[in-house]
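Chain residues, written in single-letter form:
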Amino acid sequence: MSGMVEKRGLGIWLTHLGLIIGIAIICFPIYMAFVASTVTQPEIARPPMPLIPGPHLIDNYTAALTRGVNSPVLLMLFNSSVMALGITIGKIVISIISAYAIVYFRFPFRMAFFWMIFLTLMLPVEVRIVPTYEVVAGFGMLNSYTGLILPLVASATATFLFRQFFLTVPDELIEAARVDGAGPVRFFLDILLPMSRTNIAALFVILFIYGWNQYLWPLLITTKPEMNTIVMGIKQMFPSGDDIANWPVIMATTLLAMLPPVAVVIFMQGLFVKGLVESEK
Amino acid sequence: MAKIGFSNVRKSYGPTEVIHGVDAEIADGELIVIVGPSGCGKSTLLRMVAGLETITAGEIRIGDRVVNDLEPRERDIAMVFQNYALYPHMSVFDNMAYGLKIAGVPKAEIAERVAQAAKMLELEPYLDRKPRQLSGGQRQRVAMGRAIVRKPSVFLFDEPLSNLDAKLRVQMRVEIKTLQRRLGVTSLYVTHDQVEAMTMADRIIVMNGGNAEQVGTPLAVYHKPATVFVGGFIGSPPMNFLQAARLQASGLLRKVAEVGGAAGALNTVGVRPEHLAFCSEGEAVLSGKLMIAEALGAETLAHVELDDGERMIVRIEGGREVPAAGARVHLSCTSEHLHYFGADGKRLPD
Amino acid sequence: MHKHVVFNNRVLPYLLLAPQILVTLVFFFWPAGQAIYQSAYIPDPFGLSSQFVGFGNFEFLLRDRYYLASFKTTVVFSTLVTVVSMGAALWLAVMADRVIKGSSAYKTLLVWPYAVAPAVAGVLWLFMFNPNVGLVAWYLKAMGYNWNHVLNGDEAMGLVVVASAWRQISYNFLFFLAGLQAIPRSVIEAAAIDGASFARRFWTIVFPLLSPTTFFLLVVNVVYAFFETFGVIHTITGGGPQQATTILVYKVFSDGFVGQDLGSSAAQSVILLFVVGLLTVVQFRYIERKVHY
């Protein structure tokens, strides 16, 4: 509301109209995907495809979930969940304990470790694809959950976020805890961890989306269809050559692939926004 | 319950020494207030007792044990912090119980001890609340409760009342004192507020620039300040000071042979505002102009500027008549009320 | 940066740091080192031995027509993605900032595309523009425009830009809206009393005050376009036609995995390392400035 002096009459309605048009454009691809997931293959193959949903929603989703094209989508959803949760929980655990070490202890090479973690910001997986793939292949981690998760669990961003938060925790709390007889482990578990709840939750939302949406990495690491994650599996559903793709099933899969992260964003919008803003500080 | 002993306690941060050797013995059950301006090292001294700061040199004893190298939890102490340091995510009950839980005290006993403390501090209705749902005074009590339930042999208070408003501060200061009496636990209490020091302490340690300038009962400190600093810091309004040479002609300075800058020689004379009185020109020891008179009801504080520009404060009873502002006034006092200090600021023998 | 009160423990901090440092060493520093090492060699076609060529791979790359084209493609692509997504987001944010009622509902309706994976965004837009079955492609054809991004490089670029920008609008919108709402109302009211029209107020007051947000988003969007749009390109065009949409990151992938040209791919990785380093420095300069702002 700050951008404007109070607006009356026609102007405000035009603004609403503009917003609605903008939202309609942005939502249109999703709507088309939804319509496609409720009609039959021939209806799409003879353009123009219908603009209103058809009666085949249950058929298409059942077909996708139980059979899919190369492997059942249900299995891909499971793989995606394992990968996303593994990355999310892994990153949070690893980052919160390293931030704890860096903030609450003094020890030789502390700053060296700090900079080492910092430098990983400059090494996104896209940049070091081939050699990272070779390392993972060398460990025999291809087509495994470990291979999908482990190389992605280091997180400079999450470490900095926790460090930032720890620095705002008053020193007296750690002193009170020491007088109460708490050592470093108890202080972490009983005091610091519960106090970090909101930060952990916000980070969880952001990292879950990050993990779920991984594409290039699973594309390289999983060669067996039964290890495919849903986001990279969609592309594998397109036939090679000139065969017509099974669009209703592909679109059903596409919607299933976006459902978990979108639901997380919509239902945890507050935490999501907090996570975005905090992780950019 | 325990005695506390300080022997030549020193603290340095790198090359900077901030506490220059403090010696003091505190008896069992005593409430000692450490008072001084900010930066005088009083909090550091307290935190060294708590084990939150290391001791660079010297020795601190609690009971019969030297505690220099003991962890805070091994020292049998409890501490009340300036900002209370309550655990924000725990209920009042859990805040008080936390130390006991860590110590492995059985659940039933924890509940009993917390209940007892809560009753004593009138916190019973709030046990399920979180700290943020409490008022400042209530948080203060929770911090007290957390200390009490541990049944420690020493209480440490680090400016516990400075975040409260004036009215609550007066009330809490009485409560803390009463509670300490009742429990009989040896206590160290740090404050910058000399009124708190005077009203609460069995004995006061006045600190300045890393030194303990004086250790004594409130009245001893008030009536026989060991240094110019103590005279100026304890008492409100503070003691008036004059160059001794000014009074040489008055005939008031008895027993002191020599006035001057040499060691052991009399340099500064102090007199409390209540020991100055208005008088006629003939009896005058000092003369000047009345700048302003602050009528406080029970007493009036008259600010007088002497002829050489020096300012003095005179405290007189509220009912007395006070000369008009701007009037020329004359002040007198008696020799037994004068405090003598050497050039090094130390009190000279009477 | 420092706590005054810390725990004394010789072993614990190292144990706490161990997992992060191990993962970092094994999956970040070791591969990065490998990339630098491999960039100086050319392996023989059977992968049995390799020959040291020093900066040979780099020299070759900088004379390689396709690589230079890929550089240009990346610049065009990132510029377009940044301009389109930031422009659309600013427009929406200004409107959402104007309405009092329903502002949070609009926000909810606009934030979710951020949660859609780039690869999924690619599939969504591919479906609408597919030359055979796509609805938009069909309507374009009906209007006399023969859309075929599979053959036309400019159309392919347009499509990957729109799909990439579409997903990023939410992010930009959130930050623009927050930036707009942080501008003190009194400043705008003062301008209104001074008689400035809405457009004038926007360009002379609101937009300059928004510049920290704009600059920050600029960097974020460029980074996004450089490194995170792989999924969009892989699903929609596969880098084609004739490498028209092969951005640098895509080329590292296709040369390394499809073309099996490991030396060149490694050299490209090293060049990208420098690009990321540069962007990170820019970002940090910005953060420093933000602190002083």
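Up top you'll find the structure we're talking about.
Sequence order as written defines residue numbering, which begins from 1 separately in each chain. A letter from A marks each chain and a number from 1 marks each ligand, given out in the order of writing. Reporting in this predicted model follows two pLDDT cut-offs: at least 70 for local features of residues, and 80 or more for side-chain atom pairs to be given and counted; totals over whole chains, interfaces and linings ignore these cut-offs and use all residues. Remark: hydrogens and water are excluded; side-chain values derive from all non-hydrogen atoms of the structure.

Peer 1: Looking at this structure, how should I read the interface of chain A and chain B?
Peer 2: Many analyses report the size of an interface as the accessible area lost when the parts associate. Every contact between the two is made by 18 residues of chain A and, on the other side, 22 residues of chain B. Here's the idea: put two parts together, see how much 1.4 Å probe accessible area each one loses, and the total over both is what we call buried area. Both faces considered, chain A and chain B share a buried interface measuring about 1,800 Å² in area, 59% of it formed by carbon and sulfur atoms. Of all residues in chain A, A:Arg178, A:Val179 and A:Asp180 bury the most surface against chain B, accounting for 37% of the area lost on that side. A pairing counts as a salt bridge when a side-chain nitrogen of Lys or Arg comes within 4 Å of a carboxyl oxygen of Asp or Glu. Between the two partners, chain A and chain B, sit 2 salt bridges. Measuring nitrogen to oxygen at the nearest pair gives 3.5 Å for the salt bridge that ties B:Arg150 to A:Asp180. In protein, a polar contact requires one atom able to donate a hydrogen and another able to accept it; more generally it is a pair of N or O atoms within 3.5 Å, and residues adjacent in sequence count only if both atoms are side-chain atoms. Applying the counting rule to chain A against chain B returns 10 residue pairs in polar contact (both at pLDDT 80 or more). For helices the rule is a DSSP run of H or I covering at least 4 residues; for strands it is a run of E covering at least 2, with both sets numbered from the N terminus onward. Mapped onto the side of chain A that touches chain B, the elements with two or more residues apiece are α9 (171–179) and α10 (184–195) of chain A. Sort the elements by how many residues they give to the side of chain A that touches chain B and α9(A) lands first, with 7 residues. Tallied by class, the residues present in the side of chain A that touches chain B amount to 9 nonpolar, 2 polar and 7 charged. Throughout, a contact is declared for two residues whenever any of their heavy atoms are within 4.5 Å. Residues were grouped as follows: Ala, Val, Leu, Ile, Met, Phe, Trp, Tyr, Cys and Pro as nonpolar; Asp, Glu, Lys and Arg as charged; and all remaining residues, including Gly, as polar.

Peer 1: I keep staring at the sheet that holds strand β11 (residues 240–243) of chain B and nothing clicks. Help me out?
Peer 2: Strand pairing in a sheet is mediated by backbone hydrogen bonds. Such pairs are either parallel or antiparallel. Residue and element names in this part refer to chain B. By this definition, two strands are paired if DSSP reports at least two bridges between them. The strand order across the open sheet formed by 3 strands is β11-β12-β18, and the pairing between neighbours is antiparallel. Each end of this open sheet is capped by a strand with a single partner; those strands are β11 and β18 (339–342). Going from strand to strand, the sheet's axes swing by 30° on average, the running direction of each strand aside. Judged from the 4 bridges that link them, strand β12 (residues 266–271) and β18 form a sheet pairing that is antiparallel. Within β18, the residue paired with Leu 266 across the bridge is Gly 342. Lines are fitted to the C-alpha atoms to define the axes, a helix being fitted only along its stretch in contact, and any angle between axes, read from their N-to-C directions, falls within 0 to 180 degrees.

Peer 1: I keep staring at a nonpolar patch on the surface and nothing clicks. Help me out?
Peer 2: Residues and elements named next belong to chain A. Here a patch means residues that are over 30% exposed by relative accessible area and free of salt bridges, tied together within 9 Å if like-charged and within 5 Å if nonpolar (Val, Leu, Ile, Met, Phe, Trp, Tyr). Each accessible area is a Shrake-Rupley result for a 1.4 Å probe, and residues are judged covered by the shown protein chains and nothing else. Together, Leu 10, Leu 14, Leu 17, Ile 21 and Ile 25 line one region of the surface with nonpolar side chains, adding up to about 520 Å² of accessible area. Along the chain, Ile 25 falls in helix α1 (residues 10–36). Type-normalised accessible area, obtained with a 1.4 Å probe on protein chains alone, sets the label of each residue: buried when under 20%, exposed when over 50%, and partly exposed for intermediate values. With relative accessibility at 55%, the residue Ile 25 sits in the exposed group.

Peer 1: Before we go on, may I ask you to explain unusual backbone geometry in this structure?
Peer 2: Most peptide bonds are trans, and most residues other than glycine sit at a negative phi. Residue and element names in this part refer to chain B. Residue Pro 237 is bonded to the preceding Ser 236 through a cis peptide linkage, with omega at -5°. Tracing the backbone through its elements, the reader meets Pro 237 in the loop between α8 (228–233) and β11. Even without being glycine, Glu 122 reaches a positive phi, approximately 55°. Residue position: Glu 122 is located in the loop between α3 (107–120) and α4 (136–149).

Geometry only, nothing functional implied.
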